[in-house]
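# Summary of the model geometry
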Amino acid sequence: MSRATLRAEDVTLAYGHTTVVHGVSLSVDEGGVGLIGESGSGKTTLARALLGLLKPRSGRIVYGSRELPAMGRGERARFRGAVQPVFQDGSEALDPRMRIGASVAEALTAHHRMDRAAREARIAELLADVGLDPALAARRPHQLSGGQRQRAVIARALAVRPEVLVLDEPTSALDVTVQARILDLLQRLREEHGLGYLLITHNLAVVDRLCRTSHVLYAGRVVETGATRDLLTRPAHPYTLALRDAVPRIGVPTAVPAAVTARPAGTGAPAVADRGCPFRHRCPLAVDRCHAEPPVLRDAGGGRRVACHRAEEVLSGALRQ
Amino acid sequence: MTTVELRGTPLRRVGNLARADVLATVGAVILAVIVLAALLAPWLAPYPADGGSATHPAEALLPPGADHWFGTDQVGRDVFTRILFGARTSLFIAVAVLGLAAVAGVTLGVVAGYAGGVVRDVIMRITDVFLAFPALLLSLALAVVLQPSVTTVIVAIAVTWWPWYARLTASVAQSVAGRGFIDAARCLGVPAPKIVFRHVLPNSLTPVLVQLSLDAGGVILTASALSYLGLGAQEPAAEWGLMVEQGQTLFTTDWWVVTFPGLAILVTAFAFNVLGEGLRAGLDPHRRAR
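None of the values given here were measured: they were computed from a predicted structure.

Glancing now at the interface of chain A and chain B. Between chain A and chain B, the residue contacts involve 23 residues of the former and 16 residues of the latter. Both faces combined, the contact of chain A with chain B buries some 1800 Å², and carbon together with sulfur accounts for 51% of it. Among the residues of chain A in contact with chain B, A:E92, A:R97 and A:E106 are the three that bury the most area, contributing 29% of the side total. Inspection of the chain A/chain B interface yields three salt bridges. Note that B:R179 and A:E92 form a salt bridge whose closest N and O atoms lie 3.4 Å from each other. At the junction of chain A and chain B, the tally comes to 13 residue pairs in polar contact (both at pLDDT 80 or more). Elements with a contribution of two residues or more to the side of chain A that touches chain B: helix 2 (73-82), strand 6 (83-86), helix 3 (90-93) and helix 4 (100-109) of chain A. Of the residues that constitute the side of chain A that touches chain B, the class distribution is 12 nonpolar, four polar and seven charged.

This is the structure in structure tokens:
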């Protein structure tokens, strides 16, 4: 496929003096890319940068062969159209005062003129494509269910014929049964429209379903990268392992080592940013070296990259009692 | 706490609000009466000619009675008639001042709130300059420089009033600008002016509407004050502040000449205020029943 890809190259993002994302590189392709991490790990900030809503402090956001901040007006418009967001909360993503049809129409006319009849027809077509009754175009967001709102958001995104969707927790606000249907929809749309997905979530089952590769983000750094299924079955980073084992399963007590859950990501993070591994205070395997020397992302074999001094031990089951 | 259901048809909404807030309803009813009185003054007034320059020296300073409900003034004009015509002047001033102030203030505020950065700083510093002067003093200074007239009053008050709307709107617009649907519109490539006027503005208006209602009373009071000081409406125009000024020396002997226009000012300002408070309470999402 010759379609343009969206890439982050060594991107650092900051709000004022607080650096939220440290030198992250990733590339979105049609296989689907997952970005896994807990709240505060910087994943939503990274998504905003990839959407062109936030300027990187350093590094580049590249679409096709052009860097985002350097793009001319026309190209910028094309980029905006080419990469569309689907956020967690459909009620936040739609203007509460606008009817669904008007929201979709705005997307349709953002780049092209369109006469009324063609517009109406296209709105109906888009709503039908995401499994919504076209009659819902006359409703306002608060008159729809959470799942319907999320479908409307997807329909609006598709209106500009995007090449990449940035999905930020697209199903987290929905009931479990509705989640499954939205995931079905996303899977079908990807095949029909040839979309690239960047999926941001803490829900590992969702990543497993939609993404061929995944990145695990901790305190604004990629700590592990690899093929999703492989990554989740054989984690090489203690944090990935903790995330996976924290997934509740029916009848099985959750098996997260107490040391890992003890402290949230934010605690002490700025002070330790420059020296040592950012995860060391929560890591049950931390040794002196982890306090002195930050681990860099290195090859761990089989396409896996990991930032941990003791990755081999994690792979061989050192964290399993 | 009272439960107000804000969905449904507009009429139903108004009905629900009315039941929930008796005081605001009283305010709205009083205002409706005043507006009708203003509109229909030429037909309602018992002596329409007295709204202008008519004089009846033989009937000067008659106390309230069956022929003249609120009595007559120094030149024999019916005070009730002049109060009805005065409602026109007062409401016109309120609408004109708030219209000018809101259009200027809201436009600047919404741009400042959405654009942020340097644009916001420049607009906000300009508003600060206007806010640095005491409002009445600035109005007075302007009114003194310009020719005394109703137009002067309107301009003088609007100049001191718009910065409040700019500030209010800027802060609301700033929070609206951070919401998801604004990001979504930006990602779609919707041009900034369209985002500002189609999304940010309509979603920032509720507190402005409340403020307009709360402010209308204050504008009428200020306009009356300027007219009272001789800087606004001029004889023979019927204006409540001017009527108070002309009647004040007669207070001990012919109390009705000053009392009734004073009451008209008081009642109108009060009605706008309670209506505004009611709107504020009814439209405040934090006080909405979930």
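A few words now on the nonpolar core. Membership of the largest hydrophobic core comes to 114 residues, with the highest contact counts inside it found for A:V130, A:I154, A:L186, A:L189, A:Y197, B:I157 and B:V219. It is helix 4 (residues 79-115) of chain B that contributes the most residues to this core, 13 residues altogether. Setting aside residues up to four positions removed in sequence, B:I157 forms contacts with B:V97, B:S139, B:V219, B:T222, B:A223 and B:L226. Listed in part, the 32 residues of the second largest apolar core include A:A8, A:L46, A:V164 and B:C187.

Take helix 10 (residues 238-245) of chain A next. An α-helical segment advances 3.6 residues per turn. Residues three or four places apart therefore align on the same side. Across the eight residues of helix 10 of chain A, eight count as buried, placing the element largely inside the fold. For helix 10 of chain A, the set of buried residues is A:P238, A:Y239, A:T240, A:L241, A:A242, A:L243, A:R244 and A:D245.

Residues and elements named next belong to chain B. Counted by the stated rule, this structure contains nine aromatic pairs over all chains. Ring geometry for F70 versus F80: centroids 5.2 Å apart, planes at 85°, classification edge-to-face. Remark: F80 occurs in helix 4 and F70 occurs in the loop between helix 3 (41-44) and helix 4; sequence separation between them is 10 residues. Owing to a relative accessible area of 22%, F70 belongs among the partly exposed residues under this scheme. You can call F80 buried: its relative accessible area is 17%. Chaining the aromatic ring pairs together yields one cluster made of W69, F70, F80, W255, W256 and F260.

Our focus in this paragraph is the environment of B:E277. Residues and elements named next belong to chain B. On the secondary structure map, E277 appears in helix 11 (residues 256-283). Residue class for E277 comes out partly exposed when judged on its relative accessible area of 41%. The sequence separation of E277 and L100 amounts to 177 residues, and the corresponding C-alpha distance is 22 Å.

What follows concerns a nonpolar patch on the surface. Residue and element names in this part refer to chain B. On the surface, V35, L36, L39, L40, W43 and L44 cluster together into a nonpolar patch covering about 630 Å² of accessible area. Looking at the nonpolar patch, the elements with two or more residues in it are helix 2 (22-39) and helix 3. For the nonpolar patch, the element with the highest residue contribution is helix 2, accounting for three residues. Turning to its location among the elements, L40 is positioned in the loop between helix 2 and helix 3. Here L40 falls in the partly exposed class, since its relative accessible area comes to 37%.

Turning our eyes to something else, we now look at the side chain of A:R122. Note that A:R122 resides in helix 5 (residues 116-129). Excluding residues within four positions of it along the chain, A:R122 makes contact with A:L108, A:M114, A:L158, A:A159 and A:R161.

The strands making up a sheet associate through hydrogen bonds between their backbones, and the pairing can be parallel or antiparallel. Residue and element names in this part refer to chain A. Pairing within the open sheet is antiparallel, and its four strands lie in the order 2-1-4-5. Two strands close off the open sheet at either side, each with one partner strand: strand 2 (18-28) and strand 5 (66-67). Where strand 1 (residues 6-15) lies against strand 4 (residues 58-63), five bridges are found, and the strand directions are antiparallel. The residue of strand 4 that forms the bridge with A8 is I61. Running over the sheet, helix 1 (residues 43-50) touches strand 1, strand 2 and strand 4 and is turned about 120° from strand 1.

Let's shift gears to the side chain of A:R282. All names here are of chain A. By secondary structure assignment, the location of R282 is in the loop between helix 12 (269-272) and helix 13 (288-292). When its relative accessible area of 7% is taken as the criterion, R282 is described as buried. Of the polar contacts made by the side chain of R282, one reaches the side chain of Y218; its length is 3.3 Å.

It is worth spelling out unusual backbone geometry at this point. If a residue is not glycine, its phi is most likely negative; likewise, a peptide bond is most likely trans. Residue B:P236 is bonded to the preceding B:E235 through a cis peptide linkage, with omega at 5°. Within the fold, B:P236 resides in the loop between helix 9 (192-228) and helix 10 (240-247). A positive phi is found at A:D10, a non-glycine position, where the angle reads about 50°. You can see A:D10 is positioned in strand 1. A positive phi angle, near 45°, is found at A:E169, a position not held by glycine.

Here we take up the confidence of the model for chain B. When pLDDT is averaged across chain B, the result is 87; 91% of the residues are at 70 or more. In the predicted structure, residues 1-5 of chain B sits below a pLDDT of 50 and forms eight contacts with residues beyond four places in sequence or in another chain.

What follows deals with the packing of helix 5 of chain A against helix 6 (residues 146-159) of chain A. Residues and elements named next belong to chain A. Helix 6 packs onto helix 5 with a crossing angle of 125° between their chain directions and a minimal axis gap of 9 Å. Accordingly, the angle class assigned to the pair helix 5 and helix 6 is oblique. In this structure, helix 5 crosses over helix 6, and the sense of that crossing is right-handed. Along its contact with helix 5, which presents R122, L126, L127 and D129, the element helix 6 presents A155, L158 and A159.

Residue and element names in this part refer to chain A. Taken in spatial order, the eight strands of this open sheet run 6-7-8-3-9-10-12-11, and their pairing is mixed. If you trace the sheet from one side to the other, it starts and ends with strand 6 and strand 11 (298-301), each paired once. The mean inter-strand angle of the sheet, taken between neighbouring strand axes irrespective of direction, is 20°. Pairing analysis gives two bridges linking strand 10 (residues 221-227) to strand 12 (residues 304-306), with the strands arranged antiparallel. Counted as the bridge partner of E224 is V306 from strand 12.

Attention now moves to the pattern of salt bridges. Residues and elements named next belong to chain A. What the rule picks out here adds up to 26 salt bridges over all chains. For K43, the salt bridge goes to E169, with nearest N and O atoms at 3.7 Å. Pair noted here: K43 is in helix 1 and E169 is in the loop between strand 7 (164-168) and helix 7 (176-193), with a separation of 126 residues, a long-range link. For D208, the salt bridge is made with R229, and the minimal N-O distance between the two is 2.7 Å. Of this pair, D208 sits in helix 8 (residues 204-210) while R229 sits in helix 9 (residues 228-233), and the two are 21 residues apart along the sequence. It is possible to trace a salt-bridge network through shared partners that takes in E224, D230, R234 and R304.

Calculation rules
- Within any chain, residue numbers begin from 1 and follow the written order of that chain's sequence.
- The order in which chains are written sets their letters, starting at A; the order in which ligands are written sets their numbers, starting at 1.
- Owing to the predicted nature of the model, reporting of local features is limited to residues with pLDDT of at least 70; listing and counting of side-chain atom pairs is limited to 80 or more, with chain, interface and lining totals taken over all residues.
- Where side-chain values are given, they derive from all heavy atoms of the structure, hydrogens and water being excluded.
- In this description, contact between two residues means that some pair of their heavy atoms is separated by no more than 4.5 Å.
- Throughout, the accessible surface (probe 1.4 Å) given up by two parts as they are put together, summed over both, is called the buried area.
- Definition used for salt bridges: Asp or Glu carboxyl oxygen within 4 Å of a side-chain nitrogen of Lys or Arg.
- Polar contact is defined as a pair of N or O atoms within 3.5 Å, subject to the rule that within protein one atom must be able to donate a hydrogen and the other to accept it, and that residues adjacent in sequence are counted only when both atoms are side-chain atoms.
- Secondary structure counts use DSSP, requiring at least four H or I residues in a row for a helix and at least two E residues in a row for a strand, with both numbered from the N terminus.
- Any residue that is not Ala, Val, Leu, Ile, Met, Phe, Trp, Tyr, Cys, Pro, Asp, Glu, Lys or Arg is counted as polar, Gly included; the first ten are nonpolar and the last four charged.
- Here, nonpolar core means buried Ala, Val, Leu, Ile, Met, Phe, Trp, Tyr and Cys residues that are tied together by side-chain atoms lying within 4.5 Å of each other.
- Only protein chains enter the accessibility calculation, which uses a 1.4 Å probe; a residue is then buried when its area is under 20% of its type maximum, exposed when over 50%, and partly exposed in between.
- The aromatic pairing rule takes the rings of Phe, Tyr and Trp, using the six-membered ring of Trp, and pairs them if the centres are within 6.5 Å, calling planes under 30 degrees apart stacked, those over 60 edge-to-face and the rest tilted.
- Patch definition: residues above 30% relative accessible area lacking any salt bridge, with like charges linked at up to 9 Å and the nonpolar side chains Val, Leu, Ile, Met, Phe, Trp and Tyr linked at up to 5 Å.
- Method for areas: the Shrake-Rupley scheme with a 1.4 Å probe, in which residue coverage is limited to the protein chains shown.
- At least two DSSP bridges between two strands are required for those strands to pair.
- Here, axes are lines fitted to C-alpha atoms. For helices the fit covers the stretch in contact, and angles between N-to-C directions go from 0 to 180 degrees.
- pLDDT runs from 0 to 100 and stands for how confident the predictor is about each residue.
- Every angle not falling under 35 degrees, over 145, or within 65 to 115 is termed oblique; those three ranges are roughly parallel, roughly antiparallel and roughly perpendicular.
- Crossing handedness is read from the near helix: turned anticlockwise from the far helix by less than a right angle, it gives a left-handed crossing, and turned clockwise, a right-handed one.

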